[in-house]
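Understanding the architecture of this molecule
So you can see what is in the structure, the chains are spelled out below.
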Amino acid sequence: MDSLGPLFGQYGWLLGLFSVLNILCLVHAVVTRQGALWIVLLALNLFLGGFLATLFYTIMVLVPGLQGSRRAATQAVQRGVEAIKPLDVRLREAQQALAESDTLANRSEVANLQARAGRLDEAQATLEPLLRGIYADDPVVLLSAARLDLARQRPAEAEARLSRVDLKTSAATRTQTLTLLAQAQEQQGKPEADATYQEASRGATTEEPRARHAAYLLRQGRTDEASTVLAALEKAERQASPLYRKQEREWFQMAAELRRELR
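Numbers given for residues are sequential positions, taken from 1 along each chain in its written order. Only residues with pLDDT of at least 70 are given local features in this predicted model, and only at 80 or more are side-chain atom pairs given and counted; all residues enter the totals for whole chains, interfaces and linings. The side-chain numbers reported here are obtained from all heavy atoms of the structure, hydrogens and water having been left aside.

**A look at the overall build of the protein**
Only DSSP runs of H or I with at least four residues qualify as helices, and only runs of E with at least two residues qualify as strands; both kinds are numbered from the N terminus onward. Helix and strand content of the protein: 14 helices and 0 strands. Sequence-ordered secondary structure for the protein, helices as α and strands as β, is α-α-α-α-α-α-α-α-α-α-α-α-α-α. Relative accessible area decides the class of each residue, using a 1.4 Å probe on protein chains only: under 20% of the type maximum gives buried, over 50% gives exposed, and in between gives partly exposed. Split into buried and exposed, the 263 residues of the protein put 35% on the buried side. Exposure was quantified through the Shrake-Rupley algorithm and a 1.4 Å probe, taking into account, for residues, occlusion by the shown protein chains and nothing else. Counting every atom, the protein has about 15,600 Å² of accessible surface; 58% of that belongs to carbon and sulfur.

Here's what the structure looks like:
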């Protein structure tokens, strides 16, 4: 027993470190709802003074989760930087990227930016190879083609394309698809556009559906409902981080213009 004293004194700090890490892992498991098994194992590990459960949780859950958060933060920064660039600069950079690498993503991005710039014939020509190729049913291509259809005042064609998009692909795809679908329905005078805008706003990855919904309500003469949506947007802007405000600047500005119309 006497021989364990120096050993514990030498490595006691390590046991203390594992105890702190165990507490952090336990809190993380509870907050992120990792399941009862992890919570029980970490609680027992803390009570018994072990370290295996802490080590496994750190390797299997905590570290991958932190890496995912860093990737998400990096992507958010990139989106924020892109959002504040002038449209002509973004288009020029996208065209350069396409010249260097003719990928689905690069070609779709150029077509989207050309459509936003009002260069509809160029956008159609850029997108055409994808519409006739193996990527014709890819969500990215369908969304790009639907945007172009709306710009050309062809809402029925846009709606037909959007019906082929799998909404389970990602939250961003769901948001974009439902927002475009609501616009297509609105252009056709369909009453279900209201419900589609509302569905697009739930769990949205951008403020676009709410801003467009508010504009739709104003066009319908439903000012009280529009005011409610615009108030929610104003609150979101106040509470948003500077990066998110830059990323969503277009839609926050649209909401501000709509609020001025209400006065």
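That covers the picture; the talk isn't over yet.
**Quick notes on the pattern of salt bridges**
What makes a salt bridge here is a side-chain nitrogen of Lys or Arg within 4 Å of a carboxyl oxygen of Asp or Glu, nothing more. Throughout the structure, instances matching the rule amount to 14 salt bridges. We note a salt bridge from Arg 132 to Glu 128, for which the minimum N-O separation is 3.6 Å. Its relative accessible area of 27% is what places Glu 128 among the partly exposed residues. Shared partners join several salt bridges into a network, and the residues in it are Asp 194, Arg 222 and Glu 225.

**Here's the deal with the layout of surface pockets**
Note on definitions: the grid is 1 Å and covers protein atoms alone; a cavity is a set of points where a 1.4 Å probe fits but cannot get out; a pocket is an open set with protein on both sides within 12 Å along at least five of seven lines; lining residues have an atom within 4 Å of a point. Grid points are joined across faces, edges and corners, and a volume is the space filled by probe spheres set on the points. Estimates place the volume of the largest pocket at around 1,600 Å³. Put simply, the parts of the chain that give the lining of the largest pocket at least two residues each are helix H3 (52-83), helix H4 (87-100), helix H5 (104-116), helix H7 (139-151), helix H9 (171-187), helix H11 (208-219), helix H13 (242-247) and helix H14 (249-262). No other element matches H9, which puts 8 residues into the lining of the largest pocket.

**Some remarks on unusual backbone geometry**
Here the phi dihedral of Gln 153 falls at roughly 60 degrees; this positive angle occurs in a residue that is not glycine. Position of Gln 153 relative to the elements: it lies in the loop between H7 and helix H8 (155-162).

**Let's talk about the side chain of Arg 259**
Residue placement: Arg 259 occurs in helix H14. When charges are counted, neither His nor the chain ends are considered; positive counts come from Lys and Arg and negative counts from Asp and Glu. Although Arg 259 lies buried, it forms no salt bridge, and the closest oppositely charged side chain, Glu 234, sits 4.1 Å away as judged by the N-O distance. Polar contacts, as counted here, are pairs of nitrogen or oxygen atoms within 3.5 Å of one another; within protein the pair requires one atom able to donate a hydrogen and one able to accept it, and residues that are adjacent in sequence qualify only if both atoms are side-chain atoms. Of the polar contacts made by the side chain of Arg 259, one reaches the backbone oxygen of Leu 230; its length is 3.4 Å. Once residues within four sequence positions are removed from consideration, Arg 259 is found in contact with Leu 230, Glu 234 and Glu 237. Note on definitions: a residue-residue contact is assigned when non-hydrogen atoms from the two residues lie within 4.5 Å.

**Observations concerning H9**
The span expected for a helix works out to 1.5 Å for each residue beyond the first. For H9, which comprises 17 residues, the first-to-last C-alpha distance of 24 Å matches the rise-based estimate of 24 Å (1.5 Å per residue) to within 8%. Of all 17 residues that make up H9, 12 are buried, and the element is covered over most of its length. Buried residues belonging to H9 abut H7, H8, helix H10 (193-201) and H11. Looking one or two residues beyond H9, the residue adopting positive phi is Gly 189, at roughly 75 degrees.

**Digging into a nonpolar patch on the surface**
On the surface, a cluster of nonpolar side chains totalling about 520 Å² of accessible area is made up of Leu 52, Leu 55, Phe 56, Ile 59 and Met 60. Within the secondary structure, Ile 59 sits in helix H3. Ile 59 sits in the exposed class, given a relative accessible area of 54%. Two joining distances apply to patches: 9 Å for like charges and 5 Å for nonpolar side chains (Val, Leu, Ile, Met, Phe, Trp, Tyr), and every residue must have over 30% relative accessible area and no salt bridge.

**Comments concerning empty space enclosed by the protein**
With the rule as written, the count across this model stands at 1 cavity of 30 Å³ or more. Estimates place the volume of the largest cavity at around 30 Å³. Along the walls of the largest cavity sit Ala 111, Asn 112, Ala 115, Ala 123, Leu 127, Ser 144, Arg 147 and Leu 148, which together make up its complete lining. Gly falls in the polar group here, along with every residue not listed as nonpolar (Ala, Val, Leu, Ile, Met, Phe, Trp, Tyr, Cys, Pro) or charged (Asp, Glu, Lys, Arg). Tallied by class, the residues present in the lining of the largest cavity amount to 5 nonpolar, 2 polar and 1 charged.

**Considering the confidence of the model for the protein**
A score between 0 and 100, pLDDT records how confident the predictor is in each residue. In this model, the protein carries a mean pLDDT of 82, and residues with pLDDT of at least 70 account for 79%. Overall, residues 1-11 carries pLDDT values under 50, and its contacts beyond four positions in sequence, including any with other chains, amount to 1 contact. Overall, residues 68-78 carries pLDDT values under 50, and its contacts beyond four positions in sequence, including any with other chains, amount to 3 contacts.

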